[in-house]
Amino acid sequence: MTRTKGALTLPLNTILPGDCIEAMNGLPEASVDLVFADPPYNLQLKGDLHRPDNSKVDAVDDHWDQFDSFAAYDRFTHDWLAAARRVLKPTGAIWVIGSYHNVFRMGAELQNQGFWILNDVVWRKSNPMPNFRGKRLTNAHETLIWASKSEGAKYTFNYEALKSLNEGVQMRSDWVLPICTGHERLKDENGDKAHPTQKPESLLHRVLLATTNPGDVVLDPFFGTGTTGAVAKMLGRDFIGIEREEAYRKVAERRLAKVRKFDREALVVSASKRAEPRIPFGQLVERGLLRPGEVLISPRGKTAKVRADGTLVGEAVTGSIHQVGAALEGAPSCNGWTYWHYRREGQTVPIDVLRQQIRAQLHD
């Protein structure tokens, strides 16, 4: 699937080979809704790491994580962030993830380039790797930084969806999720870990659910074994992956071929009431859901009659559903949608049910 922007074509749902900076600079400007980046951590490991039983730890010692100096790493960080910034839409956002080795350097460079940090998130690993040498605290978390393209820029945040994901409680900035293990951990042909820092799908599910919508384009410049692409595909988002290591690309391609998108109805998430289309009370009257002259009832037995223009009259008070409700209760304000009820088949039903019926029709 491709999408044309200007004279360039956006290579949707594909993995681009090669250097991420060159690949991003070859994409159309302002064409991507979200960047999720899990760059090399520059761990600066010196020598092998062994467990107490003298078995060797499969640590991150790959060539792609090795830089000659902090200055070299900073130049690399500057260049890939600049390329990512160029392809982001004005309403786009970026997530970066790292450890204490690199996340502070990335945070400073994000601010240097004009990104506006919205949150830092602590991913607390419920099953971290122990500190075998016993000389430091166990590294039990990684840090994510979420930033908009500039101060004051609009960006996607599905607040209600995250609240629903968290059993009706506001989502906090500390996330307790397990590292990638068991059946989710991808293996190569020799049965070894296909990638040393494969991220769990639960982490990307939360990120993409929170900060993208179906149909958005998600770019991952350090695609690895394709966790971002797999979750994006399941959630009905388009992805663009960039990965220079052929072995990782092959694993990701096999993985993505098995992924199926959730059905359309399952992709609809909870939305803020402020984001829902405004439905005037008069539309209920126009559509015949309520009739002029019909009597509405309050929880405390107050009554008002519906008029043809969508106003109410009750006890010598006329006005909107909110104004009449407030006047009858002697209150400064009133939510008429939840205050007023109508009768059907011996039952009293909130008029808000009728408003939701109209909203549902608008989404069909």
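Heads up: these notes are all about the structure in this document. Please read these numbers as outputs of a predicted model, since none were measured by experiment. (Residues numbered from 1 in each chain as written. Predicted model: local features only at pLDDT ≥ 70, side-chain atom pairs only at ≥ 80, totals over all residues. Heavy atoms only, no water.)

### What to know about the packing of aromatic side chains
So, point 1. Evaluated as defined, the whole model comprises eleven aromatic pairs.
So, point 2. Judged by centre distance (6.2 Å) and plane angle (55 degrees), the ring pair of Tyr73 and Phe76 falls under tilted. Of this pair, Tyr73 and Phe76 both sit in helix α2 (residues 70–87), separated by three residues, roughly a single helical turn. An identical accessibility class is assigned to Tyr73 and Phe76; each is buried.
So, point 3. Each ring, one from Trp95 and one from Trp146, has its centre 5.5 Å from the other, and the planes form 5 degrees; the classification is stacked. Of this pair, Trp95 sits in strand β5 (residues 88–98) while Trp146 sits in strand β7 (residues 141–148), and the two are 51 residues apart along the sequence.
So, point 4. Since its relative accessible area comes to 2%, Trp95 is described here as buried.
So, point 5. One aromatic cluster in this structure is built from Trp95, Trp146, Tyr155, Phe157, Tyr159 and Trp175.
So, point 6. Between the NZ or CZ atom of Arg85 and the centre of the ring of Phe115, over which it lies, the distance is 5.0 Å. (Phe/Tyr/Trp six-rings, centres within 6.5 Å; stacked < 30°, edge-to-face > 60°. Helix = DSSP H or I, 4+ residues; strand = E, 2+ residues; numbered from the N terminus. Buried < 20%, exposed > 50% of the residue type's maximum accessible area, 1.4 Å probe, protein only. Lys NZ or Arg CZ within 6 Å of the ring centre and 35° of its normal.)

### What to know about the sheet that holds β7
So, point 1. Ordered by their spatial adjacency, eight strands build an open sheet running β3-β10-β9-β4-β5-β7-β6-β8, and the pairing between neighbours is mixed. Each edge of the open sheet is held by one strand with a lone partner, namely β3 (14–17) and β8 (174–177). Averaged over all pairs of adjacent strands, the angle between strand axes in this sheet comes to 20 degrees, irrespective of strand direction.
So, point 2. As defined by bridge partners, β3 adjoins strand β10 (residues 238–243) across four bridges and the pair is classed as parallel. Looking at the pairing, Pro17 lines up with Glu243 of β10.
So, point 3. Lying over the sheet, helix α5 (residues 201–211) contacts β4 (32–37), β5, β6 (116–125), β7, β8 and β9 (217–220), oriented at roughly 140 degrees with respect to β8.
So, point 4. The strands touched by helix α7 (residues 246–257) are β3 and β10; relative to β3, the strand with the most contacts, the crossing angle is about 175 degrees. (Pairing = 2+ DSSP bridges. Axes fitted to C-alpha atoms, helices over the stretch in contact; angles between N-to-C directions. Contact = heavy atoms within 4.5 Å.)

### As for the nonpolar core
So, point 1. Ranked by internal contacts, the top residues of the largest apolar core, which has 32 residues, are Met24, Val35, Trp80, Ile94, Val96 and Leu219.
So, point 2. In this structure Val96 touches Ala37, Trp80, Met106, Leu110, Thr143, Leu144 and Ile145, once residues within four positions along its chain are discounted.
So, point 3. Core analysis: the next-biggest nonpolar cluster, separate from the first, contains 29 residues, Phe36, Ala93, Ile97 and Leu177 among them. (Core = buried A, V, L, I, M, F, W, Y, C linked by side-chain atoms within 4.5 Å.)

### Concerning the pattern of salt bridges
So, point 1. In this structure the tally under the stated criterion is eleven salt bridges.
So, point 2. The shortest N-O distance in the salt bridge between Glu142 and Lys125 comes to 2.7 Å. In this pair, Glu142 sits in strand β7 while Lys125 sits in strand β6, placing the two residues 17 residues apart along the sequence. Comparing Glu142 with Lys125 shows no difference in burial state: the two are buried.
So, point 3. A salt bridge links Asp174 to Arg172; the shortest N-O distance between them is 2.8 Å.
So, point 4. Note on Asp174: relative accessible area 33%, which makes it partly exposed. (Salt bridge = Lys/Arg side-chain N within 4 Å of Asp/Glu carboxyl O.)

### As for the pairing of β8
So, point 1. Judged by which residues are buried, β8 turns out to be one-sided: Trp175 and Leu177 face inward and are buried, whereas Asp174 and Val176, on the alternate face, are not.
So, point 2. Where β6 lies against β8, four bridges are found, and the strand directions are parallel. Bridge assignment links Arg124 to a residue of β8, and that residue is Val176.

### Some remarks on the side chain of Thr212
So, point 1. Within the element layout of this structure, Thr212 appears in the loop between α5 and β9.
So, point 2. Those residues within four positions of Thr212 in sequence are excluded, and the remaining contacts are Leu34, Thr156, Asn158, Val218 and Arg237.

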